[in-house]
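Close look at the chain arrangement
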Amino acid sequence: MAERLLQTHDVSDLCIGKPPLRWLPPSSAVADAIAELEGGAVRGPDAAVAVWDGKPDGEVAGRVCMGDVLLFLCADGNLASPAAALQATLSDLLAAGAPPVRRIEPDASITMHAVSLTWSSLDVCFWTRSVLEAADAFLDGAHSLVVPIRDRRSASTGLLCWLTVEDLVRFFLSSIALFAPTASRSVSDLGAVRPAAHAVAAGDAALSAVPLLRAALASHAAVAVVSGELHLPRPRLVGDISPSTLCSGADVSVAAAIAALSAGDLTAFIDWGGAPPDATLHAVRSRLRRRGLHGMLDLLYGVDPSCPSSSSSSSASSSSSSSSSSDDDEYYGKHGMASPRAKRGGKQSRLYSARSMGRRRTEEAIVCHRGSSLVAVMVQAMAHRATQVWVVEDDHELVGVVGLLDVLRVLRHHLHQPAPL
């Protein structure tokens, strides 16, 4: 009965009030996508640009958010020359590994759903894409769905909107009574807790986490930042790097931070929301200069390295930073940070700390326990707009993670179970 009721809801029901997606043709430059993302009215994890030719029947080649741009700039071939990367086409960016999207037509279902509406004594046949088919599309590997926007007469407007896994989980949360008693069971009992496959030590270079971040972006996950060594059976969770955070609150300066900082210090940089303190900027600037990444320095200072005049800006920024670098080692010591020249030996220095980056902690990793109910985890994720909730012990030892896709799998499995007597 629950499945039949859910099949009465068309995917277009979830698109009510959603703005049309913004798009750029595949030949557009990465810099054009940045300008579109930073100038758009939509903020948060939903801020994205479709790579599309604008034709009503044309396929959407991909979805580009700020997280995709940052990871593209930090790819091995682009670190030394971000100016060239900014002039690359969106087709080049998608070829580097951007996750796939899928288009769903609300009125083009392959099968007919015959639903008995007993309260009105009517038998109504629906030839539409139900929300369950949208859930199956996500579980089959689609990262995002694009859905044509219909007007009041169900006629096509020629516009498209995004449908995300978060939209599906929010819809199921509003219909949570249909999933009793499964929703009240613990995530551990339901088998929803997975090992935390994406994790990095707080003291490791943030660049080492780029492949993990790319995989996390494609799977609606995040990268756990843990203290100590990764080989420990239960490392302590000290933070996370979420692609959804990169997509919603970051700008291109974060690419410079990824290139310069440790994973733990990167979380501090991101938490400052584009206005890190001078001590943090000094640390990033000094490390970029030592590595000869002057193009990344331009990104840090808000200079477009693809602009012809940027070379002089880069030289000026490099010169300015070098004038204050003679006592860098003393500077790092005063601020409790490990000097980049310090060798890693014995017990590794822990770079991640609020004090080391002059940090005002604004975001904490969203956590639950193995005994937390499924509905409680869904509420946490929706309240914080998180794509996953970490599962920890009382002392923050990392046990695993529950992602939105794991929630969808559990709920979808529930619908295939016989109703309780």
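Residues numbered from 1 in each chain as written. Predicted model: local features only at pLDDT ≥ 70, side-chain atom pairs only at ≥ 80, totals over all residues. Heavy atoms only, no water.

Turning next to helix α6 (residues 131-139). Of all nine residues in α6, seven are buried; the element is thus mostly enclosed. Residues of α6 that are buried: Val131, Leu132, Glu133, Ala134, Ala135, Ala137 and Phe138. Residue glycine 141 follows α6 closely and has a positive phi angle near 120 degrees. (Buried < 20%, exposed > 50% of the residue type's maximum accessible area, 1.4 Å probe, protein only. Helix = DSSP H or I, 4+ residues; strand = E, 2+ residues; numbered from the N terminus.)

What follows is about the packing of aromatic side chains. Tallying each qualifying case throughout the model produces three aromatic pairs. Between phenylalanine 172 and phenylalanine 179 the ring centres are 5.6 Å apart and the planes differ by 80 degrees, which places this aromatic pair in the edge-to-face class. With relative accessibility at 0%, the residue phenylalanine 179 sits in the buried group. Among the aromatic side chains, those forming a connected cluster through ring pairs are Phe171, Phe172 and Phe179. It is arginine 63 that lies over the ring of tryptophan 162; its NZ or CZ is 4.9 Å from the centre. (Phe/Tyr/Trp six-rings, centres within 6.5 Å; stacked < 30°, edge-to-face > 60°. Lys NZ or Arg CZ within 6 Å of the ring centre and 35° of its normal.)

This part takes up the state of the cysteines. Inspection of the entire model under this criterion finds one disulfide. Shown here is the disulfide that connects cysteine 65 with cysteine 247, its sulfur atoms set 2.4 Å apart. Taken together, the residues span a long stretch of sequence, with cysteine 65 in the loop between β3 (62-64) and α3 (66-73) and cysteine 247 in helix α9 (residues 243-249) at a distance of 182 residues. Like cysteine 65, the residue cysteine 247 is buried in the burial classification. (Disulfide = S-S within 2.5 Å.)

Turning next to helix α11 (residues 263-271). By the criterion of burial, α11 is predominantly enclosed, with nine of the nine residues buried. The complete set of buried residues in α11 reads Ala263, Gly264, Asp265, Leu266, Thr267, Ala268, Phe269, Ile270 and Asp271.

This brings us to the nonpolar core. Val30, Val254, Leu288 and Met296 are the most contacted members of the largest nonpolar core, which totals 69 residues. Counting residues per element, this core draws most heavily on helix α10 (residues 253-260), which supplies seven residues. When neighbours within four sequence positions are excluded, valine 254 is seen to be in contact with Leu70, Leu246, Leu266, Phe269 and Ile270. (Core = buried A, V, L, I, M, F, W, Y, C linked by side-chain atoms within 4.5 Å. Contact = heavy atoms within 4.5 Å.)

All right, on to the pairing of strand β13 (residues 388-392) then. Of all the five residues making up β13, five are buried; the element is thus mostly covered by neighbouring parts of the structure. Here strand β12 (residues 367-368) pairs with β13 via two bridges, running parallel. The residue bridging cysteine 368 from the neighbouring strand is valine 391, located in β13. What joins β12 to β13 is helix α16 (residues 374-384), and the crossover it makes is right-handed. As defined by bridge partners, β13 adjoins strand β14 (residues 398-403) across five bridges and the pair is classed as antiparallel. Its bridge partner being in β14, glutamine 388 is matched across the sheet by glycine 403. (Pairing = 2+ DSSP bridges. Right-handed = clockwise from strand over helix to strand, strands pointing away.)

Running from N to C, α10 and helix α12 (residues 278-290) cross one another at 65 degrees; their axes reach a closest spacing of 9 Å. In terms of their interaxial angle, α10 and α12 are classed as roughly perpendicular. Crossing of α10 against α12: the hand is left-handed. Of α12, the residues touching α10 (which contributes Ala256, Ala257, Ala259 and Ala260) are Val284, Arg287 and Leu288. The residue makeup of the contact of α10 with α12, split by class, is six nonpolar, no polar and one charged. (Axes fitted to C-alpha atoms, helices over the stretch in contact; angles between N-to-C directions. Parallel < 35°, antiparallel > 145°, perpendicular 65-115°, else oblique. Left-handed = near helix turned anticlockwise from the far one by under 90°. Nonpolar A, V, L, I, M, F, W, Y, C, P; charged D, E, K, R; others polar.)

Moving on, we come to the sheet that holds strand β11 (residues 237-241). One open sheet holds the three strands; their spatial order is β9-β10-β11, and the pairing between them is mixed. At either end of the open sheet lies a strand with only one pairing partner, and these are β9 (199-201) and β11. Mean inter-strand twist for the sheet, computed between neighbouring axes without regard to direction, equals 30 degrees. With three bridges joining them, β9 and strand β10 (residues 223-226) adopt parallel strand pairing. Paired with alanine 199 across the two strands is alanine 224, which belongs to β10.

So, on to unusual backbone geometry. Trans peptide bonds make up most of the peptide bonds, and negative phi angles are found at most residues other than glycine. Each neighbour pair has its own omega, and for alanine 180 with proline 181 the value is 0 degrees, a cis peptide bond. Relative to the elements of secondary structure, proline 181 occurs in the loop between α7 (165-174) and β9. Positive phi outside glycine occurs at arginine 385, with the angle close to 50 degrees. Here arginine 385 shows up in the loop between α16 and β13. Even without being glycine, histidine 396 reaches a positive phi, approximately 70 degrees. Its place among the elements puts histidine 396 in the loop between β13 and β14. A residue is classified by how much of its surface remains accessible, and histidine 396, at 32% relative accessible area, is partly exposed.

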